[in-house]
Amino acid sequence: MSDELKRASAMAALEEVRSGMRLGIGTGSTAEFFVRALAEKVAGGLDIIGVPTSERTAALARELGVPLTTLDETPELDLTVDGADELDARLQLIKGGGAALLREKIVAAASRRMVVIADDSKLVETLGRFPLPIEVMPFGLEATRRAVVKVADALSLKGEVVLRMAADGSPLVTDGGHYILDAHWGRLPDASGLADRLAAIPGVVEHGLFIGLAKAAYVAGPSGVRQIAVATADETN
Ligand SMILES: O=C[C@H](O)[C@H](O)[C@H](O)COP(=O)(O)O
């Protein structure tokens, strides 16, 4: 069921893609359905270029014939389509389950619009059931981990902060050459405040809280795909 839902959400987001667009192309199993469907449209004549958010997505896009560019060549994007590990009704996200959060956030921030694709298992009332990925420098790892724990203590967040390991038993190394700490804190009542505090820690490169970046989400469930949108500031005046 889940693959069908992931595919349905990806197809809904694909409806937003027009020839001439400069795209940010997400990472993960849901984004993979988007890349494959996008490649079929490209084969049918859709004229787009894309910035991949990971080496994994870049390899898949190249294999499928999706034209790629870089943020240096194309620093302003029209639309980024990406998955999420969790999203709430305000479209605050947890991302990084696949260790791609840093490039994903850079690409999303360079995009006029970012939309999320997900099955409805990702939709939560309050973020935090999914452990929060935090990308950190290998240099000073234990000092950084303790600084992260100190922030958690200050916010009364309890739970392990664990170094993510690769299959071979060594620390997982991201595309950017960094490590990932996974914070098992449970419910995060103040995601925005936590994001600010984590960002202030010198050894933290980036964290998986995406606040104010997503403009819409296509969430697929048994009764179909629904779009969740957040009003932009000018729309609320
Ligand atoms: O680091 C990986 C990304 O943040 C993914 O978008 C996220 O983990 C969701 O992946 P999936 O669609 O496979 O659940």
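Residue positions are given per chain, counting from 1 as you read along its sequence in written order. Per-residue local features of the predicted model are confined to residues with pLDDT of at least 70, and side-chain atom pairs are confined, for both listing and counting, to 80 or more; whole-chain, interface and lining totals are unaffected and use all residues. Note: side-chain values were computed over all heavy atoms of the structure, leaving out hydrogens and water.

Heads up, the condition is: UniProt positions are given in the numbering used here, feature names are shortened, and annotations may be inferred rather than shown by experiment.
With an unreviewed UniProt entry as reference, the chain is termed Ribose-5-phosphate isomerase A, source organism Breoghania corrubedonensis. Per UniProt, the chain has the following entry under Function (unreviewed entry): "Catalyzes the reversible conversion of ribose-5-phosphate to ribulose 5-phosphate." Note on the chain: under the UniProt heading Sequence similarities (unreviewed entry), the record states "Belongs to the ribose 5-phosphate isomerase family."

Things to note about the nonpolar core
Note the following rule: Here the nonpolar core consists of buried residues drawn from Ala, Val, Leu, Ile, Met, Phe, Trp, Tyr and Cys, with membership extended through side-chain atoms lying within 4.5 Å. Think of it in three bands: with a 1.4 Å probe and only protein chains considered, a residue is buried below 20% of the maximum accessible area for its type, exposed above 50%, and partly exposed in between. Helix and strand definitions follow DSSP, with helices as H or I runs of at least four residues and strands as E runs of at least two, each counted in order from the N terminus.
Counting residues in each nonpolar core, the largest one holds 26 residues, and the members touching the most others are V17, L23, F34, L38 and I48. At the level of secondary structure, the elements contributing two or more residues to this core comprise α1 (2-14), β1 (22-25), α2 (29-43), α3 (55-64), β3 (77-82), β6 (111-119) and β12 (216-221). Counting residues per element, this core draws most heavily on α2, at 7 residues. Residues V136, V148, A152 and I201 belong to the second largest nonpolar core, which totals 24 residues.

What to know about helix α6 (residues 191-199)
Put simply, the rule reads: Only heavy atoms matter for contacts: two residues are in contact if any of them lie within 4.5 Å across the pair.
Those residues of α6 that fall on the buried side of the exposure criterion are A191, G193, L194, A195 and L198. Tucked into the core, α6 has its buried residues touching β7 (132-136), α5 (141-154), β10 (204-207) and β11 (209-210).

Topic: the environment of G177
Looking at the secondary structure, you find G177 in the loop between β8 (161-163) and β9 (179-183). Placed 77 residues apart in sequence, G177 and A100 show a C-alpha to C-alpha distance of 11 Å.

Structural notes on the packing of aromatic side chains
Put simply, the test is: Aromatic rings from Phe, Tyr and Trp, with only the six-membered ring used for Trp, were paired whenever their centres fell within 6.5 Å, and each pair was classed as stacked if the ring planes differed by under 30 degrees, edge-to-face if by over 60, and tilted otherwise. Criterion for a charge above a ring: Lys NZ or Arg CZ within 6 Å of the ring centre, and within 35 degrees of the ring normal.
Under the defined criterion, the tally for this structure stands at 0 aromatic pairs. The ring of F210 has K95 sitting right over it, with the charged end atom 5.7 Å from the ring centre. The ring centre of F210 lies 5.0 Å from the NZ or CZ of K105, which sits over that ring.

A look at α5
Helical geometry: 3.6 residues make up each α-helical turn, so side chains three or four residues apart lie on a common side. Quick reminder of the rule: A helix is expected to span 1.5 Å for every residue after the first. The arc in question is the one traced by the directions running from the helix axis out to the C-beta atoms.
The end-to-end C-alpha distance of α5 is 20 Å, a good match for the 20 Å that 14 residues give at a rise of 1.5 Å each. What α5 keeps buried is the set L141, T144, V148, V151 and A152. Down the axis of α5, the sector holding all buried residues measures 100°, keeping them to one side. Among the exposed residues of α5, those pointing more than 90 degrees away from its buried face are A143, R146, K150 and A154.

Overview of the domain arrangement of the chain
For clarity, the cut-off: Segmentation of the chain into domains, including their bounds, is taken from an automatic or database domain assignment. The salt bridge criterion pairs a side-chain nitrogen of Lys or Arg with a carboxyl oxygen of Asp or Glu, the two atoms within 4 Å. Pairs of N or O atoms within 3.5 Å make up the polar contacts considered here, provided that, within protein, one atom can donate a hydrogen while the other can accept it, and that residues adjacent in sequence are counted only when both atoms are side-chain atoms.
Under the domain assignment, the chain is made up of domain 1 (2-123 + 211-222) and domain 2 (132-200). For domain 1 versus domain 2, the distance between C-alpha centres works out to 25 Å. With 13 residues of domain 1 in contact, the opposing surface of domain 2 contributes 13 residues. For the interface between domain 1 and domain 2, the tally reads 1 salt bridge. There are 4 residue pairs in polar contact (both at pLDDT 80 or more) connecting domain 1 and domain 2. If one sorts the elements of the side of domain 1 that touches domain 2 by residue count, helix α4 (residues 101-109) sits on top with 3 residues.

Quick look at the layout of surface pockets
The line we're drawing: The rule is simple: put a 1 Å grid over the protein atoms alone, call a set of points where a 1.4 Å probe fits but cannot get out a cavity, call an open set with protein on both sides within 12 Å along at least five of seven lines a pocket, and count a residue as lining if it has an atom within 4 Å of a point. Grid points are joined across faces, edges and corners, and a volume is the space filled by probe spheres set on the points. Each residue gets one label: Ala, Val, Leu, Ile, Met, Phe, Trp, Tyr, Cys and Pro are nonpolar, Asp, Glu, Lys and Arg are charged, and the others, such as Gly, are polar.
Approximately 200 Å³ is the volume found for the largest pocket. As for the largest pocket, its lining consists of 18 residues, of which T27, G28, A84, D85 and G98 are closest to the centre. If you list the elements that add at least two residues to the lining of the largest pocket, you get α2 and α4. At 3 residues, the largest contribution of residues to the lining of the largest pocket is made by α2. Broken down by class, the residue content of the lining of the largest pocket amounts to 6 nonpolar, 8 polar and 4 charged.

What about the site of the ligand?
As a reminder of what qualifies: Definition of nearness: a residue and a molecule or strand are near each other if at least one heavy atom of the residue lies within 4 Å of the molecule or strand. Note that accessible areas follow from Shrake-Rupley with a 1.4 Å probe, and for residues the cover is restricted to the protein chains shown. By definition, a pocket or cavity contains a molecule when more than half of the molecule's atoms lie within 2 Å of the pocket's grid points.
Taken together, 16 residues lie near the ligand, and T27, S29, T30, D85 and K122 sit nearest. At 2.7 Å, a side-chain N or O of T30 approaches an oxygen atom of the ligand. At 2.8 Å from an oxygen atom of the ligand is found a side-chain nitrogen or oxygen belonging to E104. Within the complex, the protein chains bury 91% of what would otherwise be the 370 Å² of accessible surface of the ligand. Assessed atom by atom at 2 Å from the grid points, the ligand resides in the largest pocket. Tallied by class, the residues present in the shell around the ligand amount to 3 nonpolar, 8 polar and 5 charged.

A few points about the sheet that holds strand β5 (residues 93-94)
Note: strands within a sheet are paired through backbone hydrogen bonds, in either parallel or antiparallel orientation. Let me state the cut-off plainly: Pairing between two strands is assigned when DSSP locates at least 2 bridges connecting them.
Spatial ordering of the open sheet is given by β4-β5-β11, a layout of 3 strands whose pairing is antiparallel. In this open sheet, the two strands that pair with only one neighbour each are β4 (86-87) and β11. Here β5 runs beside β11; their pairing, made up of 2 bridges, is antiparallel. Looking at the pairing, I94 lines up with L209 of β11.

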